[in-house]
Amino acid sequence: MGVEQKDLQGIPMRGILIGAVLALMLNVFDTYATNIIRGSYLSLNFSTPAALFFFFFVVLASALVGFLHRALALTRSELITIYIMLVVACCIPGMGFTQFMIPCLLGSTYYATPENDWDYLYNQYIPEWMIPRGDGVARYFFEGLPDGAPIPWGAWVVPMGLWFGFFLVLGLAMICTMVILRKQWVNHEKLVYPLVQVPMEMIQKEEGRVVGRSFFTNRGMWLGFATSFILLSVNGIHSYYPSFPQFTRTAVLPLFGDTNLSFWFSLPWTGFFYFVNLEITASIWVFYLLVTLQKGIFNTIGIQSTQHIDLYSMDPFLAHQGLGSMIVFVLVGLWVARGHLRDVFVKACRARGGIDDSDEIISYRFAVFGLIAALLLVAGWLSMIGMPFAIALLFVFGAMIIFLALTRVVAEGGIPAMRPPLMTSTFVLTAVGSSALGASGLVALGFSYGWHSEIRSFVMSSVANGLKMSEIIRGPKRRLFWAILIAIVVSLAGSTYVTLVMAYKYGGINLNPLFFVNQATQFGPRDMAPRIAAELTGPRWDAWRFMAIGGAVMSLLMWARHNLVWWPLNPLGFTISANWKTGHIFFSALLAWLLKLVILKYGGPRLYRNLRPFFLGLILGEIVAAGSWLAMDYFTGHVGSFLTQV
């Protein structure tokens, strides 16, 4: 076997061990940075900037070591394993699980008052085993321990153990789903996976050279890197010295009907969209503008909904329209994949013959039956905490639709930052009404906010990108499944430990308000307690109509894409159009579309390829700058220099 083949052979244990250590470090660093330093979020979005920040220095260090002693340099299979573990690790802290879920467990207890009456309306329906209980557990978590008092670890063992088990089962369902769909998306539909372009370019290897040499010696990359690094550092200096000029990233254009267009200038987001097909970037900004005009027209002529929906959604009617489009988008995608799915199911039921699954990280049998078992366990968990089982199955359906839709737009459209138009809890309330749930079911929905509200990064999307990277590895890949599980476990342990230590040491109310004061701690009771107090209602048929409208429009767009050769827009853009987060990224998509259009028209494919390193540098420069300023804040004790949201 040649040297080049050995470089991509199997999943070496050294890569898994290094990945586990780095995953733990990432979670400890990110949890501390988010709550104490309160600077730029680096594990917030699908772009997983924290993973790229760590990976940049890992590849650079490996290349430098390789110059001194070639045998000590990391192989590409080791680097791919490390990166996959890092992107999975980004899903755990912050918007992923721990920093939202842990304060959520005690928020309704601590913030209950005679005025809001949460103890009667909400807390009495919480199962005894589901949250930490005991004298001072909640109070000291938010206000800090008295001098000399120990952290009440015992109160957390059972509830956190059960929630960890729930999250691992949910993660398993996501892993199995992506294993089942990998060949369909990668081999048959040939999705681009723009978010893996940066790490894949970083580990390119010329014959006889060390991994990363071509990337780190490219002048175009360093030019783009310097551009982003310097622009972000201008604002970094401003955060220390307010008299220093500041680079403004946003502008607002007022429209009619009390609507606005917000223009966010982001060099890394523009860099990501440079690697996306023109029809997709065009569809992102075109459909967002159309839906924004629709919102303005609705506001002007008075088409308004009285429905109370979750805080993260736009106009109720448009949010349901967006969810309807997502449902059709996913279901049609599964219908297109029906041949592959049939082959996978046949393989799962037969031990021999059929489609080959030797290049997957788990067998199709494990993936299919593991997915079914995991989804039933998730539904069973929701039922245990108070939701009727039939409605729990509906919740699981809605959640998987959202997870699959967002993962698809990430894999195909390179979307660096996104969230669903509507939370699954609101979908369930729309579908069956609060009367079908009862008080216990509404409380169960309230606790879903802790793990399903700000889903801007989750295991399914990270695994999808990771499996795309792993396709170049030769030989058995089954160890990669265990590497992913190890990354999840060490991340849960690291971020949970740091979160609890910081909360009991400093008091949660003195940490990041997003997690400990305003949102994560109070979303559930603030939303559900008034519903319990009021007369329970039935389904919202007006919202159902808009879901049907969104689904019908998506059906026409999917038909046009598959039957009209000249049709210029991709349905993916409509899927995310009714979403406030699209307002953050649409200008970057527009700018990348315009730049790429001009480049291809006047320079052709050659100029496009020559400029790739520059746009890769735009992405890395801001990420490395953001991480560097966080490190600077740590050593100087500076707090609150939020510079970017990559």
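Residues numbered from 1 in each chain as written. Predicted model: local features only at pLDDT ≥ 70, side-chain atom pairs only at ≥ 80, totals over all residues. Heavy atoms only, no water.

Re the overall build of the chain
In step 1: Along the chain, the regular secondary structure elements total 27 helices and two strands.
In step 2: Compactness check: the chain gives a C-alpha radius of gyration of 24 Å against a globular reference of 26 Å for 646 residues, within 12% of the reference.
In step 3: For the chain, the spread of C-alpha atoms along the three principal axes comes to 70 × 70 × 65 Å.
In step 4: Split into buried and exposed, the 646 residues of the chain put 60% on the buried side.
In step 5: Relative to all contacts within the chain whose residues are 6 or more apart in sequence, the contacts with residues 24 or more apart total 82%.
In step 6: Summing over all exposed atoms, the chain offers an accessible surface of approximately 24,500 Å²; the carbon and sulfur share of this is 65%.
In step 7: Separation between the mean location of the 42 positive side-chain charges and that of the 32 negative ones in the chain comes to 11 Å. (Helix = DSSP H or I, 4+ residues; strand = E, 2+ residues; numbered from the N terminus. Rg over C-alpha atoms; globule rule 2.2 N^0.38 Å. Buried < 20%, exposed > 50% of the residue type's maximum accessible area, 1.4 Å probe, protein only. Contact = heavy atoms within 4.5 Å. Areas by Shrake-Rupley, 256 points an atom, 1.4 Å probe, with all protein chains shown as cover. Lys, Arg positive; Asp, Glu negative; His and termini not counted. Charge placed at Lys NZ, Arg CZ, Asp CG, Glu CD.)

A few points about the pattern of salt bridges
In step 1: All told, the structure shown has 14 salt bridges when counted by the stated rule.
In step 2: Taking the shortest distance from any N to any O, the salt bridge between K468 and E471 comes out at 2.7 Å.
In step 3: A residue is classified by how much of its surface remains accessible, and E471, at 32% relative accessible area, is partly exposed.
In step 4: Taken together, the shared-partner salt bridges connect R182, K183, D359 and E360 into one network. (Salt bridge = Lys/Arg side-chain N within 4 Å of Asp/Glu carboxyl O.)

Thoughts on the side chain of T430
In step 1: Tracing the backbone through its elements, the reader meets T430 in helix α18 (residues 424-432).
In step 2: Apart from the residues within four sequence positions on either side, T430 is in contact with Q307, H320, P539, R540, A543, W544 and M547.

Structural notes on the packing of helix α5 (residues 98-110) against helix α8 (residues 153-188)
In step 1: Direction vectors running N to C along α5 and α8 enclose 130 degrees, while the axes themselves pass 12 Å from each other. Taken together, the axes of α5 and α8 are oblique relative to one another. Here α5 and α8 pass one another in a crossing that is right-handed. Facing M101, I102, L105 and L106 of α5, the residues of α8 in contact are W156, M160 and W163.
In step 2: Per-class residue counts for the contact of α5 with α8 are seven nonpolar, no polar and no charged. (Axes fitted to C-alpha atoms, helices over the stretch in contact; angles between N-to-C directions. Parallel < 35°, antiparallel > 145°, perpendicular 65-115°, else oblique. Left-handed = near helix turned anticlockwise from the far one by under 90°. Nonpolar A, V, L, I, M, F, W, Y, C, P; charged D, E, K, R; others polar.)

Section: the confidence of the model for the chain
In step 1: The predicted model of the chain averages 92 in pLDDT, with 98% of residues at 70 or higher.
In step 2: Averaged over each element, pLDDT in the chain is lowest for helix α1 (residues 3-6) (56) and highest for helix α16 (residues 364-384) (97). (pLDDT = per-residue confidence, 0-100.)

Considering the environment of G551
In step 1: Considering the arrangement of structural elements, one finds G551 in helix α24 (residues 541-563).
In step 2: The sequence separation of G551 and L64 amounts to 487 residues, and the corresponding C-alpha distance is 53 Å.
In step 3: Discounting residues that sit within four places of it in the chain, G551 has contacts with G324, S325 and V328.

Focus: the packing of aromatic side chains
In step 1: Using the criterion set out here, one finds 49 aromatic pairs in the structure.
In step 2: Their ring planes at 85 degrees and their centres at 4.9 Å tell us that Y110 and Y111 sit as a pair that is edge-to-face.
In step 3: The class for Y110 is partly exposed, based on a relative accessible area of 23%.
In step 4: Y111 sits in the buried class, given a relative accessible area of 16%.
In step 5: Here W153 and Y497 contribute two aromatic rings whose centre-to-centre distance is 5.7 Å and whose plane-to-plane angle is 0 degrees, an arrangement assigned as stacked. Placement of W153 in helix α8 and of Y497 in helix α21 (residues 478-506) is noted, with a sequence separation of 344 residues between them.
In step 6: Take W153: its relative accessible area is 36%, and that puts it in the partly exposed class.
In step 7: Ring pairing ties together the aromatic residues F29, F53, F54, F56, F57, F215, F216, W222, F225 and F229, which thus form one cluster.
In step 8: The aromatic ring of W335 is capped on one face by R338, whose charged end is 4.1 Å from the ring centroid.
In step 9: The aromatic ring of W264 is capped on one face by K581, whose charged end is 5.8 Å from the ring centroid. (Phe/Tyr/Trp six-rings, centres within 6.5 Å; stacked < 30°, edge-to-face > 60°. Lys NZ or Arg CZ within 6 Å of the ring centre and 35° of its normal.)

Here we look at the environment of D356
In step 1: Mapped onto the secondary structure, D356 falls in the loop between α15 (338-349) and α16.
In step 2: In this structure the C-alpha to C-alpha distance between D356 and V344, which are twelve residues apart in sequence, comes to 9.0 Å.
In step 3: If near-sequence neighbours (up to four positions away) are discounted, D356 is found in contact with K183 and Y364.
In step 4: In terms of polar contacts, D356 uses its side chain to reach the side chain of S358, at 2.9 Å. (Polar contact = N/O pair within 3.5 Å; in protein donor to acceptor, adjacent residues only side chain to side chain.)

Here's the deal with the pairing of strand β1 (residues 250-254)
It is a general feature of regular strands that their side chains alternate between the two faces of the sheet.
In step 1: Alignment of β1 against strand β2 (residues 260-264), held across five bridges, turns out to be antiparallel. Paired with A251 across the two strands is F263, which belongs to β2.
In step 2: Hairpin geometry of β1 and β2 is characterised by an intervening segment of five residues between the two adjacent antiparallel strands and by a positive phi of about 65 degrees at G257. (Pairing = 2+ DSSP bridges.)

Remarks on the state of the cysteines
Chemically, a disulfide is nothing more than a covalent bond linking the sulfur atoms of two cysteines.
In step 1: A full pass over the atoms with the stated rule returns zero disulfides.
In step 2: C91 takes part in no disulfide bond, and the closest cysteine sulfur to it belongs to C90, at a distance of 6.9 Å.
In step 3: Looking at C349, it has no disulfide partner, and the nearest cysteine sulfur is the one in C176, 15 Å off.
In step 4: Exposure remark for C349: the relative accessible area of 42% places this residue in the partly exposed category. (Disulfide = S-S within 2.5 Å.)

A few points about the layout of surface pockets
In step 1: Quantified by volume, the largest pocket comes out at close to 380 Å³.
In step 2: What lines the largest pocket is a set of 18 residues, and nearest its centre among them are T177, L334, L371, L375 and L404.
In step 3: The leading source of residues in the lining of the largest pocket is helix α17 (residues 389-413), at five residues.
In step 4: The class makeup of the residues in the lining of the largest pocket is 17 nonpolar, one polar and no charged.
In step 5: Here the second largest pocket defines a volume of roughly 310 Å³. (1 Å grid on protein atoms, 1.4 Å probe; cavity = no way out; pocket = protein on both sides within 12 Å on 5 of 7 lines; lining within 4 Å. Points joined across faces, edges and corners; volume = space filled by probe spheres on them.)

Some words on the environment of Y41
In step 1: On the secondary structure map, Y41 appears in the loop between α2 (13-37) and α3 (49-68).
In step 2: Residue Y41 is classed as buried on the basis of its relative accessible area of 17%.
In step 3: Among the polar contacts listed, one links the side chain of Y41 to the side chain of N512, at a separation of 3.1 Å.

What about the packing of α15 against α16?
In step 1: The interhelical angle for the contact between α15 and α16, taken along N-to-C directions, is 100 degrees, at an axis separation of 8 Å. Judged by the angle between their axes, α15 and α16 are roughly perpendicular. For the pair α15 and α16, contact is made by H340, V344, F345, K347, A348 and C349 and by Y364, R365, V368 and F369, respectively.
In step 2: The class makeup of the residues in the contact of α15 with α16 is seven nonpolar, one polar and two charged.

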